[in-house]
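Below are the chains, spelled out letter by letter.
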Amino acid sequence: MVQVAVLGYGTVGSGVVEVLEENKAKITPRAGEELNVKYILDLRDFPGDPYENKVVHDVNVILEDPEVQVVCETMGGVEPAFTFSKKALMAGKSVCTSNKELVAAHGPELLKLAKENKCNYLFEASVGGGIPIIRPMNSALTAEKIESIHGILNGTTNYILTKMDKEGADFEEVLKEAQEKGYAERNPEADVEGYDACRKIAILSSLMTGKSVKYEDIYTEGITKITSVDFKYAKALNKSIKLLAMSKDEGDGYVAMVSPCMISQEHPLFCVSDVFNAVFVHGNMLGDSMYYGRGAGKLATASAVVADVIDCARHLGKTVTCLWDEEVMELKDYMDSAKKFFVRVNNEGMDKAAELFGTFEKVEVVDGEFGFVTEVMTEREFAAKAEKLPEMISRIRVEF
Ligand code: HSE
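These numbers come from a predicted model, not from an experiment.

With that settled, consider the domain arrangement of the chain. What the domain assignment lists for the chain is domain 1 (2-127 + 298-314), domain 2 (137-294) and domain 3 (336-398). Each partner contributes to the interface: domain 2 provides 19 residues, whereas domain 3 provides 17 residues. Carbon and sulfur atoms supply 67% of the area that domain 2 and domain 3 bury against each other, a total of about 1500 Å² over both sides. It is Tyr 233, Leu 237 and Met 262 that lose the most area in domain 2 upon contact with domain 3, and together they represent 39% of the buried surface on that side. Taken together, domain 2 and domain 3 are joined by three salt bridges. Residue Arg 395 is joined to Glu 221 by a salt bridge in which the shortest nitrogen-to-oxygen separation is 3.1 Å. Along the contact surface separating domain 2 from domain 3 lie seven residue pairs in polar contact (both at pLDDT 80 or more). Elements supplying a minimum of two residues to the side of domain 2 that touches domain 3: helix H11 (228-236), strand S9 (239-249) and strand S10 (254-264). Of all the elements, S10 adds the most residues to the side of domain 2 that touches domain 3, at six residues. A per-class count over the side of domain 2 that touches domain 3 returns 12 nonpolar, two polar and five charged.

Encoded structure:
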């Protein structure tokens with residue numbers, strides 16, 4: 001029997017216990033041994049809960065129990081999760097986590113500790129919730145040179161943008177409704193400003209390059225400035241607007257970025273709606289592949305954590321290879337990356353826009369302004385032209 005401890009009995013932690021119990025008959029032969037939840041760490045008590053007698057308040061009870069071989073860290077946040085994870089790994093206990101903040105900030109350090117102590121640090125649930133993407137990157141795609149990753153990696157913002165698209169509503173209105181329904185946090189900053197997607201693409205970029213892509217180095221723009229008028233233009237262009245997290249090998253360097261982008265209806269990411277997530281990976285041999293599913297939610301995320309627990313049980317005393325070195329990957333300046341831009345301009349700026357951007361196909365969906373899509377140019381070239389066009393209302397990158 002493999003003894004498991006769960007750190008944090010919140011949404012994901014209680015989901016882990018539920019998945020282990022509900023699917024026990026399937027899980028035991030796959031793990032090779034029965035998995036038993038011995039402890040649940042939480043500050044709170046849970047009177048009446050079927051697992052109430054497993055709840056402990058002192059992490060040392062878990063760390064000092066030699067029977068515990070796998071720890072699920074479902075606490076979230078960097079501390080105390082970082083300290084607890086380090087101590088567990090140093091005691092030779094494998095750690096499985098859904099904590100993207102911690103993985104993005106300290107992943108390579110924790111992987112190194114796991115290797116030194118012949119155990120594992122697994123983090124499938126940290127990106128895309130229940131969608132298998134970390135394991136494909138570490139196994140099924142290891143023959144590939146991955147050239148680009150484009151992801152819809154945040155369920156909250158995808159839900160908001162989908163509603164804005166379908167209902168013609170404005171951001172603030174949809175955010176309020178999403179908060180009322182529990183799809184958005186009361187403090188939605190991490191989601192709507194793109195910080196959550198940034199951590200997730202930092203993790204994927206690190207696995208793509210084998211080095212440490214620091215989330216602090218990734219240019220990040222959220223969805224708060226997207227309006228219902230932007231969606232009218234997107235529709236007229238047969239496109240939609242999604243918060244895209246991307247990482248690309250541009251030949252002369254890697255560029256990573258999070259920003260709202262217009263994507264055309266021919267692209268597979270166009271159909272990824274509501275709280276769903278998807279990761280679109282381009283490899284030099286395989287070509288395109290896409291991983292799609294529930295990017296958040298109790299049981300979907302817990303399922304990915306439990307799959308990691310099973311992997312740990314299958315590899316007791318051995319470390320599963322994960323190439324993510326501590327060496328920092330210097331990213332190419334995003335200002336030197338090139339793409340098309342969709343631009344909205346007041347009618348007074350018509351002549352100047354033509355002078356700066358050359359001929360373009362004008363799109364008109366509301367009075368007093370027009371929109372158009374530029375030719376491919378670098379961010380720097382675009383910024384220089386935009387500076388000379390005070391009549392410009394806004395711009396959205398065009399990715400596909
Ligand atoms: N807030 C995140 C989302 C949860 O909306 O996708 C999963 O990481």
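What follows covers the pairing of strand S16 (residues 392-398). Alignment of S10 against S16, held across two bridges, turns out to be parallel. Bridging across to S16, Cys 261 finds its partner in Arg 397. One ladder, built from six bridges, connects strand S13 (residues 338-346) with S16; its direction is antiparallel. Its bridge partner lying in S16, Val 345 is registered against Met 392.

Our focus in this paragraph is the site of the ligand. As a structural note, the neighbourhood of the ligand is formed by Lys 100, Asn 154, Gly 155, Thr 156, Asp 191, Asp 196, Lys 200, Gly 295 and Ala 296. Here an oxygen atom of the ligand and a side-chain polar atom of Asn 154 are 3.5 Å apart. In this structure, Gly 155 approaches the ligand through a main-chain N or O atom, which is 2.8 Å from an oxygen atom. Summarising the interface, the protein chains cover 80% of the accessible area of the ligand, which totals 260 Å² for the free molecule.

Here the focus is the packing of aromatic side chains. Between two aromatic rings, the relevant description is the distance of the centres plus the angle of the planes. Summed over all chains, the structure comprises 14 aromatic pairs. Geometrically, the ring pair formed by Phe 341 and Phe 382 is stacked, given 4.2 Å between the ring centres and 10 degrees between the ring planes. Of this pair, Phe 341 sits in strand S13 while Phe 382 sits in helix H14 (residues 379-387); the two residues are 41 residues apart in sequence, bridging distant segments of the chain. Exposure remark for Phe 341: the relative accessible area of 0% places this residue in the buried category. Look at Phe 357 and Phe 372: their rings are 5.4 Å apart centre to centre, the planes differ by 65 degrees, and that puts the pair in the edge-to-face class. In this pair, Phe 357 sits in helix H13 (residues 350-357) while Phe 372 sits in strand S14 (residues 369-373), placing the two residues 15 residues apart along the sequence. By relative accessible area, Phe 357 is classed as buried at 10%.

Another aspect to go through is the packing of helix H7 (residues 155-167) against helix H8 (residues 171-180). Between H7 and H8, the shortest axis-to-axis distance is 9 Å and the interhelical angle comes to 125 degrees. Judged by the inter-axis angle, H7 sits oblique to H8. Viewed along their axes, H7 and H8 form a crossing whose handedness is right-handed. Contacts between H7 and H8 involve Tyr 159, Ile 160, Lys 163 and Met 164 on the former and, on the latter, Phe 171, Val 174, Leu 175, Glu 177 and Ala 178. Class assignment of the residues belonging to the contact of H7 with H8 gives a composition of seven nonpolar, no polar and two charged.

We now examine the sheet that holds strand S6 (residues 121-122). The sheet built from six strands is open, its strands ordered S3-S2-S1-S4-S5-S6 with parallel pairing. Of all the strands in the sheet, just strand S3 (55-56) and S6 have a single pairing partner and so form its edges. When strand S2 (residues 35-41) meets S3, the two strands line up parallel, connected through two bridges. By the bridge assignment, Leu 41 is partnered in S3 with Val 56. Across the sheet, helix H1 (residues 11-22) is in contact with strand S1 (2-7), S2 and strand S4 (68-73); its angle to S2 comes to roughly 160 degrees.

Scanning the entire structure with this criterion turns up 31 salt bridges. Between Lys 163 and Glu 177 there is a salt bridge; the shortest N-O distance is 3.2 Å. Placement of Lys 163 in helix H7 and of Glu 177 in helix H8 is noted, with a sequence separation of 14 residues between them. Judged by relative accessible area, which is 24%, Glu 177 ranks as partly exposed. Put simply, Lys 362 and Glu 364 hold a salt bridge, and the shortest N to O gap is 3.7 Å. Accessibility expressed as a relative area gives 54% for Glu 364, which makes it exposed. Through salt bridges with shared partners, one network takes in Glu 221, Lys 339, Glu 379, Arg 395 and Arg 397.

Inspection of the entire model under this criterion finds one cavity of 30 Å³ or more. There is about 40 Å³ of room inside the largest cavity. Breaking the lining of the largest cavity down by element, the ones donating at least two residues are S9 and S10. Here the lining of the largest cavity is composed, by residue class, of three nonpolar, one polar and three charged.

Our next topic: the environment of Tyr 215. With respect to the helices and strands, the residue Tyr 215 is situated in the loop between helix H10 (195-209) and strand S8 (219-220). Distance from Tyr 215 to Ile 152, taken between C-alpha atoms, is 17 Å for residues 63 residues apart in sequence. In this view, Tyr 215 contacts Ala 104, Ala 105, Cys 198, Arg 199 and Ala 202; residues no more than four positions away in its chain are not counted.

The rules behind these values
Residues numbered from 1 in each chain as written. Predicted model: local features only at pLDDT ≥ 70, side-chain atom pairs only at ≥ 80, totals over all residues. Heavy atoms only, no water. Domains from an automatic or database assignment. Contact = heavy atoms within 4.5 Å. Buried area = accessible area lost by both parts, 1.4 Å probe. Salt bridge = Lys/Arg side-chain N within 4 Å of Asp/Glu carboxyl O. Polar contact = N/O pair within 3.5 Å; in protein donor to acceptor, adjacent residues only side chain to side chain. Helix = DSSP H or I, 4+ residues; strand = E, 2+ residues; numbered from the N terminus. Nonpolar A, V, L, I, M, F, W, Y, C, P; charged D, E, K, R; others polar. Pairing = 2+ DSSP bridges. Near = heavy atom within 4 Å. Areas by Shrake-Rupley, 256 points an atom, 1.4 Å probe, with all protein chains shown as cover. Phe/Tyr/Trp six-rings, centres within 6.5 Å; stacked < 30°, edge-to-face > 60°. Buried < 20%, exposed > 50% of the residue type's maximum accessible area, 1.4 Å probe, protein only. Axes fitted to C-alpha atoms, helices over the stretch in contact; angles between N-to-C directions. Parallel < 35°, antiparallel > 145°, perpendicular 65-115°, else oblique. Left-handed = near helix turned anticlockwise from the far one by under 90°. 1 Å grid on protein atoms, 1.4 Å probe; cavity = no way out; pocket = protein on both sides within 12 Å on 5 of 7 lines; lining within 4 Å. Points joined across faces, edges and corners; volume = space filled by probe spheres on them.

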